[in-house]
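Chain by chain, the residues run as shown.
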Amino acid sequence: MRTLDRVRIERATTNDIEGIAQTYVDSARHHRDLDPALYQVPALEDVVRDLAQHWDGSDQATFVARVDGTGVGSVDVRLVRPRTEASMVKPRMVAGIGIAILGPYHRQGIGHRLMEAAEQWSRSQGAETMTLDCHGGNTTAISFYRSLGYHTTGLLMRKGLEATDAPDNRGPDHPGAVHVRQSSIGNDFYCQQVLTGRLPVKKMYETERVLAFHHTRPAYPVCLVVIPRTHVPSLVDLGAEGDDLLLDLLTVVRKIAAEVESEYGACWVVTNRGRYQDSKHLHWHVISGNRLA
Ligand SMILES: [Zn+2]
């Protein structure tokens, strides 16, 4: 029997708090990998305490997905009542949601069922709109929400107020040492700047899983970057992705290398690791020409 046929979606009770906390911690790991500057993995007991404290029932509902009686995911919905007439936003009741599902139960339709329950409840409470926020680099989540009819209406803007940027460092003079300016909020330039669309790039080629574009601060006359759209730490650490993503990436790298070679006669194909890897998101450089001063 398919997992989805064994799933029951039910309104959570305080007995579910511990199980829900576990899904939050699990999901927090995924977020932390996506953007360590923004997310952390909380202690289970802290999540349990926090959930218990905010479990008031009015204007809030939590639904759990159970497979054979065991909680594997949850969705939390909170109503935001319209503000006064003075607001320039048209008054309407909005429901904000947060969803978490244990890793092994992803991509089986459970999220879909939980979202359905959350929307149905919100509608019954008079809400007219659902909202959620999602990290711009979380491409899997974004396409899931899009498939359910959610669309982007704004940008969540953020500015870190910690230390100022370190001076730009061009680094060692070896092929592929194409340094990007690091912001003070972390070291994943691709998830934070490129995949979120914050930094517009000139795309050269793209597939469902791979993006190739012109380097925004090229250190060589020809400098192309190929990255996976999902977060992959490096060539050595493929994170949650398998070898098949590597094949997709290299298919694009090969295509681009062939184009550069036919146009410029030669190229380097490089990916860096360890201290040579500036941005901790797997990227390949296809480079040609002499290093720019
Ligand atoms: Zn990344």
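Higher on the page you've got the structure.
A brief look at the structure comes next. (Residues numbered from 1 in each chain as written. Predicted model: local features only at pLDDT ≥ 70, side-chain atom pairs only at ≥ 80, totals over all residues.)

### Topic: the overall build of the protein
- Scanning the protein from terminus to terminus reveals six helices and ten strands.
- Counting the 293 residues in the protein, one finds 28% classified as buried.
- Restricting to contacts in the protein with at least 6 residues of sequence separation, those with at least 24 account for 63%. (Helix = DSSP H or I, 4+ residues; strand = E, 2+ residues; numbered from the N terminus. Buried ≥ 20, exposed ≤ 12 C-beta atoms within 10 Å, placed from the backbone. Contact = placed C-beta atoms within 7 Å.)

### Overview of the sheet that holds strand β6 (residues 203–206)
- The antiparallel open sheet is built from five strands, whose spatial order is β6-β7-β8-β10-β9. The outermost strands of the open sheet, each flanked by one partner alone, are β6 and β9 (268–270). Between one strand and the next, the sheet's axes are offset by a mean angle of 15 degrees, whatever the strand orientation.
- By the bridge criterion, five bridges tie strand β8 (residues 222–228) to strand β10 (residues 284–288) in an arrangement that is antiparallel. Within the sheet, the bridge partner assigned to L224 lies in β10 and is V286. (Pairing = 2+ DSSP bridges. Axes fitted to C-alpha atoms, helices over the stretch in contact; angles between N-to-C directions.)

### Let's talk about the sheet that holds strand β3 (residues 70–80)
- Pairing within the open sheet is mixed, and its five strands lie in the order β1-β2-β3-β4-β5. Among the strands making up the open sheet, the edge pair consists of β1 (7–11) and β5 (129–131). Averaged over all adjacent pairs, the angle separating strand axes in this sheet is 25 degrees, with direction ignored.
- Direction of pairing for β1 relative to strand β2 (residues 60–67): antiparallel, over a ladder of five bridges. Looking across to β2, one finds that R11 is bridged to F63.
- Sitting on the sheet, helix α1 (residues 17–34) touches β2, β3 and β4 (94–101), and the angle it makes with β3 is about 85 degrees.
- Contacts from helix α3 (residues 110–124) reach β1, β2, β3, β4 and β5 within the one sheet, and its direction differs from that of β3 by about 30 degrees.

### What about the pairing of β8?
- For β8, the tally of buried residues reaches seven of seven residues, placing the bulk of the element in the interior.
- Residues of β8 alternate between two faces, with V222, L224, V226 and P228 on one and C223, V225 and I227 on the opposite face, all of them buried.
- Alignment of strand β7 (residues 210–214) against β8, held across five bridges, turns out to be antiparallel. When the sheet's bridge partners are listed, V210 is paired in β8 with P228.

### Concerning the nonpolar core
- Among the nonpolar cores identified, the biggest contains 29 residues, and A212, L224, V226, V252, V253, I256 and V286 are the most heavily contacted of them.
- Elements represented by at least two residues in this core include exactly α5 (189–194), β7, β8, α6 (243–264) and β10.
- For L224, the contacting residues outside a window of four places in its chain are M204, A212, H214, H215, I256, H285 and V286.
- Formed by 23 residues, the second largest nonpolar core is a distinct cluster that contains I99, I101, M115 and A118. (Core = buried A, V, L, I, M, F, W, Y, C linked by C-beta atoms within 7 Å.)

### Some remarks on unusual backbone geometry
- Its identity as a non-glycine residue notwithstanding, D68 has a phi of 50 degrees, on the positive side.
- As for its placement among the helices and strands, D68 is situated in the loop between β2 and β3.
- On the basis of neighbour count, D68 is assigned to the exposed category, with 9 C-beta atoms found within 10 Å.
- The phi dihedral of R107 is positive, around 55 degrees, even though this residue is not glycine.

### Concerning the packing of α1 against helix α2 (residues 44–53)
- Two elements in contact, α1 and α2, have axes separated by 9 Å at closest approach and are oriented at 125 degrees. Taken together, the axes of α1 and α2 lie oblique to each other. For the crossing formed where α1 meets α2, the hand is right-handed. On α2, the residues that touch I17, E18, I20, A21, Q22, Y24 and V25 of α1 are L44, V47, V48, L51 and A52.
- The class makeup of the residues in the contact of α1 with α2 is ten nonpolar, one polar and one charged. (Parallel < 35°, antiparallel > 145°, perpendicular 65-115°, else oblique. Left-handed = near helix turned anticlockwise from the far one by under 90°. Nonpolar A, V, L, I, M, F, W, Y, C, P; charged D, E, K, R; others polar.)

### A short note on α3
- Along its 15 residues, α3 runs 21 Å from first to last C-alpha, staying within 8% of the 21 Å computed at 1.5 Å per residue.
- Buried residues belonging to α3 abut β1, β2, β3, β4, β5 and α4 (139–147).
- Residue G126 follows α3 closely and has a positive phi angle near 95 degrees. (Expected span 1.5 Å × (residues − 1).)

### Concerning the environment of R2
- Here R2 lies in the segment before β1.
- A residue is classified by how many C-beta atoms lie within 10 Å of it, and R2, with 8 of them, is exposed.
- Separated by 106 residues in sequence, R2 and Q108 place their C-alpha atoms 8.7 Å apart.

### Here we look at the environment of L246
- Note on placement: L246 falls in helix α6.
- Looking at L246, the number of C-beta atoms within 10 Å reads 16, which means it is partly exposed.
- Residues L246 and V210, 36 residues apart in the sequence, show an inter-C-alpha distance of 9.9 Å.

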